[in-house]
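# Coordinate inspection notes
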Amino acid sequence: MTARPILPGAIIGVLGSGQLGRMFAIAARRMGYRVHTYSPDEDTPTGQVADLEITGAYDDLDRVREFARGVSAVTFEFENVPAATAAAAAECAPVRPTGEVLHTTQHRLREKTFLSNAGIPVATFSAVNSPDEVRAALLRQGYPAILKSADFGYDGKGQARIDRRENVDQAWKEAGASTAVLESFVPFEREVSVVAARGLDGAFVHYGVIENDHKRRILDLSIAPAHVSAKTEADAIDIARTILDKLGVVGVLCVEFFVLPDGSLVVNELAPRPHNSGHLTFDACVTSQFEQQLRAVCGLPLGSTERLCPAAMANLLGDLWCKAEPDWVAACAHPNVKLHLYGKLEPRPGRKMGHLTALGPDALAQVLAARDSLAHS
Ligand code: AMP
């Protein structure tokens, strides 16, 4: 039995208050919904555009219940909320996707175990609890390898590459975890992602394969369509469908992949929410990933994911602010480039402050030219 849809006019609750919640709130308000956001912070990217910003700790479960009682459904834009928070919210309103999806995807070891049990290719990995266990795993797996904290860190933190036995103690300190995953280094040719959505009725849609370029382990550029063969594209979409179905996702989930030189795929990680690589859908697709999240969470039919033209997205990190305020006028002089800023109050190196999207056959060149012009004040 499918639950009745939640209709425009209803209030949707968002756990977390960053840029993903902001773009979700913009999409939701456009369709006549109201949005309440809950996080420990004030004057947040989501709160600035939501109808109500509630400031509270994630472990203040009474406050979380009160927040959930005031909305028709709860979703999240930040997957590291504690399981108890999602469970408390679920006592008072439907939480979509469920706390179980969060539980699996917020912990690398659980996520990788789920993927490998589902027969999905992942890098060779071992669970490790001490530098000695890392050394033992390296004997089996070989070099190079990447040590990652099992609990997700923020902004690419909690990771260290190991090229030699002598690096192990330092890497263990850098990962800063008591439980970690030692992953073999994947000699990939490119990185891609599939952003997909699954409705309350099990309907599945996807945005095709998007190509991603990272700098300092942070996403820098996304380009759609990706430069991959038809077979790689079909395989990536099949894998995404399997993952969303097996997890029973109601909402949006992004699968990040490594593409090997022979076109085969290895899944790197999952994000059970709209994803930075899908930001270009906001300007380039009939239904953005944020509207799709809203539709799924509300039990509405999913919208068309058709991309109207090629698109490219460039992130704007806080580093751009280091000398002076970026030259917004110069960026706006590129008429096919759309500027998105998240309303964050403090620019810091590595902090995602906004992005640019360009549309058309030369989207990548345009978005890079616009970003370059920001620094030329
Ligand atoms: P993650 O936070 O796991 O997505 O890692 C951030 C970035 O580090 C990835 O997008 C890759 O560029 C790189 N990376 C992570 N894991 C591996 C791996 N096993 N092999 C090669 N590169 C990796």
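Structural data are supplied above this passage.
Here is a short report on the structure shown in this document. (Residues numbered from 1 in each chain as written. Predicted model: local features only at pLDDT ≥ 70, side-chain atom pairs only at ≥ 80, totals over all residues. Heavy atoms only, no water.)

### Focus: the overall build of the protein
Let me state the cut-off plainly: Helix and strand assignments come from DSSP, with helices taken as H or I runs of at least 4 residues and strands as E runs of at least 2, each series counted from the N terminus. Buried residues are those whose accessible area, probed at 1.4 Å on protein chains only, stays under 20% of the maximum for their type, while exposed residues exceed 50% and partly exposed ones sit between those limits. In this analysis, two residues are considered to be in contact whenever any of their non-hydrogen atoms come within 4.5 Å of each other. In this description, accessible areas are obtained by the Shrake-Rupley approach with a 1.4 Å probe, and a residue is regarded as covered only by the protein chains that are shown. A positive count includes Lys and Arg, and a negative count includes Asp and Glu. His and the chain ends are not counted in either. Working definition for charges: the position is that of NZ of Lys, CZ of Arg, CG of Asp or CD of Glu.
Helix and strand counts for the protein come out as twelve helices and 16 strands. Seen along its three principal axes, the alpha-carbon backbone of the protein occupies a region of about 60 × 50 × 40 Å. Classification of the 377 residues of the protein by burial places 57% in the buried group. In the protein, the proportion of contacts linking residues at least 24 apart, taken out of those at least 6 apart, comes to 62%. Put simply, the protein shows about 15800 Å² of open surface, and 51% of that area lies on carbon and sulfur atoms. Distance between charge centres in the protein, computed from 38 positive and 45 negative side chains, equals 1 Å.

### A look at helix 10 (residues 289–297)
Within helix 10, nine of the nine residues are buried, which leaves the element mostly enclosed by the surrounding structure. All buried positions along helix 10 are accounted for by Gln 289, Phe 290, Glu 291, Gln 292, Gln 293, Leu 294, Arg 295, Ala 296 and Val 297. Following helix 10 by one or two positions, Gly 299 has its phi on the positive side, about 70°.

### Comments concerning the sheet that holds strand 12 (residues 251–259)
Just so we agree on the cut-off: Strands qualify as paired when DSSP identifies two bridges or more between them. Fitting a line to C-alpha atoms yields each axis, with helices limited to the stretch in contact; the angle taken between N-to-C directions then spans 0 to 180 degrees.
The eight strands lie next to each other as 13-12-9-10-11-14-16-15, forming an open sheet whose pairing is antiparallel. Strands with a single pairing partner mark the edges of an open sheet, and in this sheet they are strand 13 (265–271) and strand 15 (337–341). Each strand of the sheet is rotated relative to its neighbour by a mean of 25°, with strand direction disregarded. In terms of strand pairing, strand 11 (residues 218–224) meets strand 14 (residues 311–317) through four bridges, oriented antiparallel.

### Some remarks on the site of the ligand
To keep things clear, this is the line we draw: For each residue, the test is whether any non-hydrogen atom lies within 4 Å of the molecule or strand; if one does, the residue is near. Here the term charged refers only to Asp, Glu, Lys and Arg, the term nonpolar to Ala, Val, Leu, Ile, Met, Phe, Trp, Tyr, Cys and Pro, and the term polar to all other amino acids, Gly among them.
Taken together, 15 residues lie near the ligand, and Lys 148, Gln 159, Glu 183, Val 186 and Glu 191 sit nearest. Taken by itself the ligand offers 480 Å² of open surface, and the protein chains cover 92% of this. Only strand 6 (145–149), strand 8 (180–184) and strand 13 provide two or more residues apiece to the shell around the ligand. Considered class by class, the residues forming the shell around the ligand number five nonpolar, four polar and six charged.

### Points about the pairing of strand 13
Along strand 13, seven of the seven residues are buried, which leaves the element largely enclosed by surrounding structure. Pairing analysis gives six bridges linking strand 12 to strand 13, with the strands arranged antiparallel. Bridge assignment links Cys 254 to a residue of strand 13, and that residue is Ala 271.

### Concerning the packing of helix 1 (residues 19–30) against helix 10
Spelled out, the test is: We call two directions roughly parallel when the angle between them is under 35 degrees, roughly antiparallel when it is over 145, roughly perpendicular when it lies between 65 and 115, and oblique otherwise. Each crossing is labelled by how the near helix is turned from the far one, with a counterclockwise turn of less than a right angle marking it left-handed and a clockwise turn marking it right-handed.
Helix 10 packs onto helix 1 with a crossing angle of 70° between their chain directions and a minimal axis gap of 8 Å. Overall, the two elements helix 1 and helix 10 adopt an arrangement that is roughly perpendicular. The crossing of helix 1 and helix 10 is right-handed. Here Leu 20, Met 23, Phe 24, Ala 27, Ala 28 and Arg 30 of helix 1 come into contact with helix 10, specifically with Phe 290, Glu 291, Gln 293 and Leu 294. Residues belonging to the contact of helix 1 with helix 10 are distributed by class as follows: seven nonpolar, one polar and two charged.

### Quick word on the packing of aromatic side chains
The condition that has to hold: Each aromatic pair joins two rings of Phe, Tyr and Trp (for Trp, the six-membered one) with centres within 6.5 Å, and gets the label stacked for planes under 30 degrees apart, edge-to-face for over 60, and tilted for any other angle. A positively charged side chain is recorded as over a ring if its NZ (Lys) or CZ (Arg) lies within 6 Å of the ring centre. The angle to the ring normal must also be within 35 degrees.
Counted by the stated rule, this structure contains six aromatic pairs. With a centroid separation of 5.9 Å and 20° between ring planes, the pair formed by Tyr 58 and Phe 78 is classed as stacked. Separated by 20 residues along the polypeptide, Tyr 58 in the loop between strand 3 (52–55) and helix 2 (61–69) and Phe 78 in the loop between strand 4 (73–76) and helix 3 (83–90) bring together distant segments of the chain. Comparing Tyr 58 with Phe 78, the two get one shared label, buried. An angle of 5° between the planes, with centres 4.9 Å apart, marks the rings of Phe 188 and Phe 258 as stacked. Taken as a pair, Phe 188 in the loop between strand 8 and strand 9 (190–198) and Phe 258 in strand 12 lie far apart in primary sequence, 70 residues in all. A connected cluster of aromatic rings, assembled from ring pairs, spans Tyr 38, Tyr 58, Phe 67 and Phe 78. One cation-aromatic arrangement involves Arg 161 over Phe 185; the distance from NZ or CZ to the ring centre is 4.6 Å.

### Looking at the sheet that holds strand 4
Across the sheet, four strands lie side by side as 3-2-1-4; this open sheet has parallel pairing. Of all strands in the sheet, those with a lone pairing partner are strand 3 and strand 4, marking the two edges. Each neighbouring strand pair of the sheet contributes to a mean axis angle of 25°, computed without reference to strand direction. In terms of strand pairing, strand 1 (residues 11–15) meets strand 2 (residues 34–39) through five bridges, oriented parallel.

### Topic: the packing of helix 6 (residues 131–141) against helix 7 (residues 168–175)
Where helix 6 contacts helix 7, the two axes come as close as 9 Å, and the packing angle between them is 120°. Taken together, the axes of helix 6 and helix 7 lie oblique to each other. Both helix 6 and helix 7 take part in a crossing whose hand is right-handed. Facing Pro 131, Val 134, Arg 135 and Leu 138 of helix 6, the residues of helix 7 in contact are Val 168, Asp 169 and Trp 172. Of the residues belonging to the contact of helix 6 with helix 7, the class tally is five nonpolar, no polar and two charged.

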